[in-house]
Amino acid sequence: IVCTATMANPAKILALFPYIGKSHFVFFEPYVKELANRGHEVVVVSHFPQKNPVPNLKDISLVGSLDVDATDRVDMDKLFGFKFLSTAYKELNQLSESCNKTLAFHAVQDLYRSKKHFDLVIVESFNTDCVLPVAHKFNAPIIGISSSTVFPWTDYRMGNPRNPAYVP
């Protein structure tokens, strides 16, 4: 008896993780590494390039695209207590600025202008909708993943019902 194993065609996958929070990236990192480990060609756009090369995984680094060091720890006093509202307002204002800077960053522009082909695009569904045009450009199916509760505007596109009986 002769047994032969055939492997499915590996996919070319683009993963877009533009949020600068390390706590989010550590959630996605094992996922993209496992995809690469299974033979898929994975291109990851993030603020956290691999320190050691991973076979089948190519990083497009966003390091330097923002004026914030991704290794900075969050000041918990800013998140809780009286400073919360002013911090939240400041963060919301910085979101549009970070989106503009991320999209204008040379590495993202080079990717956008490229003639690359991707079979699948994975996008973090957080406050990072600004990278959806990059995903759309490659005309591939998009998978949204999240390391936290999804925001209300993502429920509709994912087909999740919003029941007012328990969703405020």
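Residues numbered from 1 in each chain as written. Predicted model: local features only at pLDDT ≥ 70, side-chain atom pairs only at ≥ 80, totals over all residues. Heavy atoms only, no water.

Visitor: What's the story with the confidence of the model for the chain in this structure? I'm lost.
Guide: Residues of the chain with pLDDT of at least 70 account for 76%, and the chain-wide mean is 80. Across residues 72-82, where pLDDT falls below 50, the model places 6 contacts with residues more than four positions away in sequence or in other chains. (pLDDT = per-residue confidence, 0-100. Contact = heavy atoms within 4.5 Å.)

Visitor: Sorry if this is basic, but what is going on with the pattern of salt bridges here?
Guide: When the charged atoms of two side chains with opposite charge come close together, those side chains can pair. One pass over the structure, following the stated rule, counts 2 salt bridges. Measuring nitrogen to oxygen at the nearest pair gives 3.8 Å for the salt bridge that ties Glu-29 to Lys-33. Of this pair, Glu-29 and Lys-33 both sit in helix H1 (residues 22-37), 4 residues apart, which is roughly one turn of the helix. According to the relative accessible area criterion, Glu-29 is buried, its value standing at 18%. Its salt-bridge partner being Arg-38, residue Glu-34 comes within 2.8 Å of it at the nearest N-O pair. With relative accessibility at 56%, the residue Arg-38 sits in the exposed group. (Salt bridge = Lys/Arg side-chain N within 4 Å of Asp/Glu carboxyl O. Helix = DSSP H or I, 4+ residues; strand = E, 2+ residues; numbered from the N terminus. Buried < 20%, exposed > 50% of the residue type's maximum accessible area, 1.4 Å probe, protein only.)

Visitor: Explain the sheet that holds strand S4 (residues 120-124) to me, please; I cannot follow it from the model alone.
Guide: Sheet strands pair via backbone hydrogen bonds, and the direction of the pair is either parallel or antiparallel. Strand order in the open sheet formed by 5 strands is S3-S2-S1-S4-S5, with parallel pairing between adjacent strands. Each of the sheet's edge strands pairs with one partner strand only, and the pair in question is strand S3 (57-61) and strand S5 (142-145). Taking each pair of neighbouring strands and ignoring which way they run, the sheet shows an average axis angle of 20 degrees. One ladder, built from 5 bridges, connects strand S1 (residues 12-16) with strand S2 (residues 41-46); its direction is parallel. If you follow Ala-15 over to S2, its bridge partner there is Val-44. Packed on one face of the sheet, H1 meets S1, S2, S3, S4 and S5 and runs near 165 degrees to S2. Relative to S3, helix H4 (residues 106-113) is tilted by about 125 degrees, and along the sheet it contacts S1, S2 and S3. (Pairing = 2+ DSSP bridges. Axes fitted to C-alpha atoms, helices over the stretch in contact; angles between N-to-C directions.)

Visitor: Can you walk me through the side chain of Glu-124 in this structure?
Guide: Mapped onto the elements of the fold, Glu-124 is located in strand S4. A polar contact is formed between the side chain of Glu-124 and the side chain of His-24, at a distance of 2.8 Å. When residues no more than four places from it in sequence are discounted, the contact partners of Glu-124 are Leu-16, Phe-17, Tyr-19, His-24, Phe-28, Ile-145 and Ser-147. (Polar contact = N/O pair within 3.5 Å; in protein donor to acceptor, adjacent residues only side chain to side chain.)

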